[in-house]
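# Close look at the chain arrangement
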Amino acid sequence: MKKFWWLKQKVVSFFQYNKIQLVTACIAIASIFFVVTYQNVHTETYDIEKFSTASETIRSPITIENTKETERRIREVVQAVEDHFEISEEVTEEQITYINEVFEAIDKIESGNIELDSEEETLDSVSEKITYLENIVHDQLLLEVDRATFRALFQATNEERVLAKELITTALYDAYYNGIKVEEVDQAIQTAQQKLTYSTLDSSFVDALRPLIAFSIQPNSFFSADQTNEAQQQARNSVEPVMIRAGEVIVEEGQLITNELYEELEVTGLLNEERNFYPMIGLFLLVTLIGLFLFFELSHHMKRSNFHFRKLLAVSVLSIFIVLLMKVVSFYTTSVNPLYLVTPVATVSMLLKILVNERIAIVMSLFYGVIGSVIFNADIPGLLNMEAGIFIIFSQLASIFSLSVVKDRGSIIKSGLATSVINMVTICLFLFLSFEKYSWLDYLSLSGYGFLSAIFATVLTMGMLPFFETGLRILSDTKLLALSSPNQPLLRKLLIEAPGTYHHSIMVANLSEASCEAIGANGLLARVAAYYHDLGKTIRPHYFIENQMGMKNPHDYLDPYQSAEIILQHPVDSAKLLKKEKIPNEIIDIALQHHGTTLLKYFYYKAKERNDKVNEDDFRYEGPKPKTKEAAVVSICDSIEAAARSLVNPTQEEIEKVVSSIFEDRLLDGQLNDSTLTFKELEQMKLVICETLKGIYHSRIQYPKESNMKEAK
């Protein structure tokens with residue numbers, strides 16, 4: 001029989017903690033995520049020819065630069081840049097210097113302030129003056145200005161020459177200021193000559209000055225390659241890249257496919273399968289990362305808590321359920337009608353917290369938010385709908401944190417109401433952050449989506465919870481609370497058929513719950529398991545001392561071996577009765593393990609009094625030893641309660657002594673080796689148990705008897 005139970009526990013242990021199952025579940029979840037989101041990153045291609053008509057509206061699947069269009073715009077702006085010219089100040093000064101030189105030389109000659117040869121005393125004739133002038137002015141002047149111009153200057157009065165000089169230099173400064181290009185020389189000469197024409201000077205004198213003006217005006221604006229290149233570079237830099245945004249309409253239905261539209265379709269990869277490979281790689285990496293994080297997270301829980309295969313199956317089923325639900329909703333979601341706000345995503349987070357634990361629920365809510373941002377991306381590869389992702393995460397976190405203690409269905413309803421508030425606040429947050437202007441009707445209608453999402457989640461949670469609890473036989477808090485009801489048939493059976501054992505179980509439950517809460521174990525599980533741990537005693541209740549109630553002890557008439565067989569059988573009987581009534585396995589395991597393989601000392605020593613050759617194994621429980629913290633706690637509290645009840649007038653010292661001796665006995669006997677209890681946790685348990693027992697067995701006031709009261713009168 002012992003070998004059978006040992007083999008069974010090995011199989012169960014393998015079934016619960018097999019890494020292959022964990023890897024398989026993670027791969028399955030990641031694969032479902034990949035399959036569901038595949039269409040959201042897959043780029044559909046089209047067989048379209050130029051100058052054909054589009055049969056449907058085509059949007060860009062990616063954000064990419066249209067390099068050809070960008071280059072075309074750059075060419076246009078570069079070609080539009082005018083040539084840049086550099087004005088030479090040297091030319092301006094040189095030409096004006098020539099003019100000043102002529103007029104200054106004439107003034108000197110006319111004033112006689114010149115040096116002549118010894119043979120010449122004065123210059124009497126104009127010809128002599130001109131000859132002298134030609135000897136002292138620049139040779140370039142003589143090539144372009146004839147003697148008639150010089151003659152007119154000598155024949156003019158001093159006032160006329162001063163006015164002519166002023167007009168010519170002013171005209172030159174005006175012409176040279178804006179620069180004179182080669183092709184603008186003639187126009188500049190005409191402009192300067194016109195300024196003299198409209199002056200008060202005699203027309204004949206003005207005509208004589210025209211050659212001098214023509215000589216004075218030369219090109220001073222020359223092409224600058226450096227400035228032109230710099231201007232062209234600035235023009236290039238000013239051109240913004242022509243981007244085709246993800247989701248942007250490239251071709252409307254019925255529109256003619258022009259060369260430009262065809263190029264855009266080609267750039268965005270809509271005409272071939274060339275770009276489809278890369279989004280698949282990105283999606284594969286995403287789901288792989290999620291699968292790896294999920295594997296490490298679940299491995300952590302498998303090592304540190306009672307995370308069995310059924311909980312792993314619940315995580316897998318709920319993950320598949322939520323992604324399929326989001327996928328269905330995405331088919332009807334548009335930019336105008338964001339139905340993802342109605343998706344009851346909080347259903348899964350509440351179920352995970354109830355069926356598994358809070359940390360798993362939080363971690364999975366983050367994964368669902370990421371996957372949701374892909375599912376609701378309007379089938380645009382490379383785009384993540386961050387609003388949808390944030391809403392999904394916030395909605396789930398709100399349901400997790402608001403679902404603190406599940407005492408009844410009302411706790412789920414309260415969590416749903418709290419989630420609805422967070423949903424509406426999140427939606428308003430999106431609307432306020434948007435650049436678009438929304439009316440109050442929009443705020444109300446979209447907030448109503450968030451409210452409906454929470455209500456649907458509440459209804460689905462309450463509706464789906466019994467199926468998971470029954471179908472997967474997962475022990476949730478709601479299931480434990482239902483099992484703890486005094487009206488539960490098995491507890492009523494225990495109360496009626498073995499009232500002493502029932503009272504003992506209640507006491508063990510109180511001690512166990514307090515101890516588990518002190519060390520961070522599941523106090524509710526320990527309490528409920530303690531209620532049922534001795535259910536097997538109802539088969540032969542009077543063979544257990546707490547149910548004899550003054551009657552003779554039937555063990556006085558039995559052989560020690562027979563008595564031991566009856567006592568040792570009650571954990572197995574408890575497990576059978578519980579299994580028959582389909583009580584969760586966690587409670588069955590605690591009932592089976594609560595005595596471990598301890599020695600039934602009373603009948604062992606009684607048998608040894610008759611025969612020294614007694615096999616100790618015949619008086620040990622079949623076990624197995626406690627495997628979890630809760631089972632170990634119930635085992636210790638069971639023995640401590642029975643020992644404390646045997647004390648006649650228990651004092652604090654006696655209680656502490658009994659508790660310490662039982663802890664020491666269990667440790668020395670190796671009964672706690674298979675559990676994960678630490679020495680620190682054992683010390684914490686010891687303190688809590690002692691305090692609880694002292695509260696139960698505190699000293700009471702001795703009320704005087706009626707006869708003594710009469711005598712006192």
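Residues numbered from 1 in each chain as written. Predicted model: local features only at pLDDT ≥ 70, side-chain atom pairs only at ≥ 80, totals over all residues. Heavy atoms only, no water.

## A few points about the overall build of the protein chain
A tally of helices and strands in the protein chain yields 30 helices and six strands. For the protein chain, whose C-alpha radius of gyration is 52 Å, the value lies well above the compact-globule estimate of 27 Å for 713 residues. By its C-alpha atoms, the protein chain is 175 × 70 × 60 Å across when sized along the principal axes. The burial tally for the protein chain puts 46% of its 713 residues in the buried class. In the form shown here, the protein chain has an accessible surface area of approximately 38000 Å², with 56% of it arising from carbon and sulfur atoms. (Helix = DSSP H or I, 4+ residues; strand = E, 2+ residues; numbered from the N terminus. Rg over C-alpha atoms; globule rule 2.2 N^0.38 Å. Buried < 20%, exposed > 50% of the residue type's maximum accessible area, 1.4 Å probe, protein only. Areas by Shrake-Rupley, 256 points an atom, 1.4 Å probe, with all protein chains shown as cover.)

## Observations regarding the nonpolar core
A general feature of soluble globular proteins is that nonpolar side chains tend to end up buried together. Of all hydrophobic cores here, the largest spans 62 residues; its most connected members are Phe33, Met326, Leu352, Met364, Tyr368 and Phe468. Looking at this core, the elements with two or more residues in it are helix H2 (19-41), helix H13 (277-304), helix H14 (309-330), helix H15 (346-355), helix H16 (358-375), helix H17 (386-402), helix H18 (409-433) and helix H19 (440-471). Looking at which element gives the most residues to this core, the answer is H16, with nine residues. Listed in part, the 52 residues of the second largest apolar core include Ala498, Ile519, Val659 and Leu682. (Core = buried A, V, L, I, M, F, W, Y, C linked by side-chain atoms within 4.5 Å.)

## Some words on helix H3 (residues 67-80)
Given 3.6 residues per helical turn, the α-helix brings residues three or four places apart onto the same face. Taking 1.5 Å as the rise per residue, H3 with 14 residues should run 20 Å; its terminal C-alpha atoms sit 20 Å apart, in good agreement. All of the buried residues in H3 are Glu69, Thr70 and Val78. Next to the buried residues of H3 lie strand E2 (64-65) and helix H11 (225-238). (Expected span 1.5 Å × (residues − 1). Contact = heavy atoms within 4.5 Å.)

## Observations concerning a nonpolar patch on the surface
Taken together, the side chains of Phe277, Tyr278, Ile281, Phe284 and Leu285 define a hydrophobic patch exposed on the protein surface, amounting to about 570 Å² of accessible area. One can find Ile281 in helix H13. (Patch = residues over 30% accessible without salt bridge, like charges linked within 9 Å, V, L, I, M, F, W, Y side chains within 5 Å. Salt bridge = Lys/Arg side-chain N within 4 Å of Asp/Glu carboxyl O.)

## Here's the deal with helix H27 (residues 629-645)
For H27, with 17 residues, the first-to-last C-alpha span of 24 Å sits near the 24 Å given by 1.5 Å per residue. Counted residue by residue, H27 has 13 buried out of 17 residues, so it is predominantly covered.

## Here we look at the environment of Val614
Following the sequence through the fold, Val614 ends up in the loop between helix H26 (601-610) and H27. Residue Val614 is classed as buried on the basis of its relative accessible area of 14%. Contacts of Val614, omitting those with residues within four sequence positions, involve Tyr561, Tyr604, Ala607, Lys608 and Phe619.

## Things to note about empty space enclosed by the protein
One pass over the structure, following the stated rule, counts one cavity of 30 Å³ or more. Reported here for the largest cavity is a volume of approximately 40 Å³. What lines the largest cavity is Leu568, Pro571, Val572, Leu592, His595, Gly596, Tyr621, Glu622 and Gly623. If you tally residues by element for the lining of the largest cavity, the top one is helix H24 (residues 560-580), at three residues. (1 Å grid on protein atoms, 1.4 Å probe; cavity = no way out; pocket = protein on both sides within 12 Å on 5 of 7 lines; lining within 4 Å. Points joined across faces, edges and corners; volume = space filled by probe spheres on them.)

## Some details on the packing of H24 against H26
Look at H24 against H26: their axes get within 9 Å of each other, and the N-to-C directions meet at 165°. Taken as axis vectors, H24 and H26 run roughly antiparallel relative to one another. Pair H24 / H26 crosses with left-handed handedness. Where H24 approaches H26, its residues Pro560, Tyr561, Ser563, Ala564 and Ile567 are matched on the opposing element by Phe603, Lys606, Ala607 and Arg610. Each residue belonging to the contact of H24 with H26 can be placed in one class, and the counts come to six nonpolar, one polar and two charged. (Axes fitted to C-alpha atoms, helices over the stretch in contact; angles between N-to-C directions. Parallel < 35°, antiparallel > 145°, perpendicular 65-115°, else oblique. Left-handed = near helix turned anticlockwise from the far one by under 90°. Nonpolar A, V, L, I, M, F, W, Y, C, P; charged D, E, K, R; others polar.)

## Focus on the environment of Leu313
Of note, Leu313 is situated in helix H14. A sequence separation of 113 residues divides Leu313 from Thr200, and the C-alpha atoms of the two residues are 111 Å apart.

## Structural notes on the side chain of Thr347
Mapped onto the secondary structure, Thr347 falls in helix H15. Classification of Thr347 as buried rests on a relative accessible area of 0%. Discounting residues that sit within four places of it in the chain, Thr347 has contacts with Phe456, Ala457, Leu460, Thr461 and Met464.

## Focus on the state of the cysteines
Enumeration according to the criterion identifies zero disulfides in this entry. Summary of cysteine pairing: Cys516 is not part of a disulfide, and the nearest cysteine sulfur, belonging to Cys637, is at 7.5 Å. (Disulfide = S-S within 2.5 Å.)

## What to know about a negative patch on the surface
Residues Glu86, Glu89, Glu90, Glu93, Asp226 and Glu230 make up a contiguous surface patch of negative charge. A total of three residues in the negative patch trace back to one element, the largest contributor, which is helix H4 (residues 89-111). With respect to the helices, strands and loops of the structure, Glu90 is situated in helix H4. (Lys, Arg positive; Asp, Glu negative; His and termini not counted. Charge placed at Lys NZ, Arg CZ, Asp CG, Glu CD.)

## Brief notes about the side chain of Ser420
When you line up the elements, Ser420 lands in helix H18. Sequence-distant contacts of Ser420, defined by excluding residues within four places in its chain, comprise Gly450, Phe451 and Ala454.

## Brief notes about the pattern of salt bridges
One pass over the full model with this rule turns up 22 salt bridges. In this structure, Arg620 engages Glu616 in a salt bridge whose closest nitrogen and oxygen atoms are separated by 2.8 Å. Taking the relative accessible area as the measure of exposure, Glu616 reaches 30% and is therefore partly exposed. Counted as one network, the salt bridges with shared partners bring together Glu69, Arg72, Arg73 and Glu76.

## Brief notes about the confidence of the model for the protein chain
Low-confidence regions, as indicated by low pLDDT, have predicted coordinates that should not be scrutinised in detail. A residue-level look at the protein chain finds 90% of positions with pLDDT of 70 or above and a mean pLDDT of 83. Considering only residues more than four positions removed or in separate chains, one finds that residues 1-6, a stretch of pLDDT under 50, has seven contacts. Taken together, the stretch residues 10-17 has pLDDT below 50 and engages in eleven contacts with residues farther than four places along the chain or on a different chain. (pLDDT = per-residue confidence, 0-100.)

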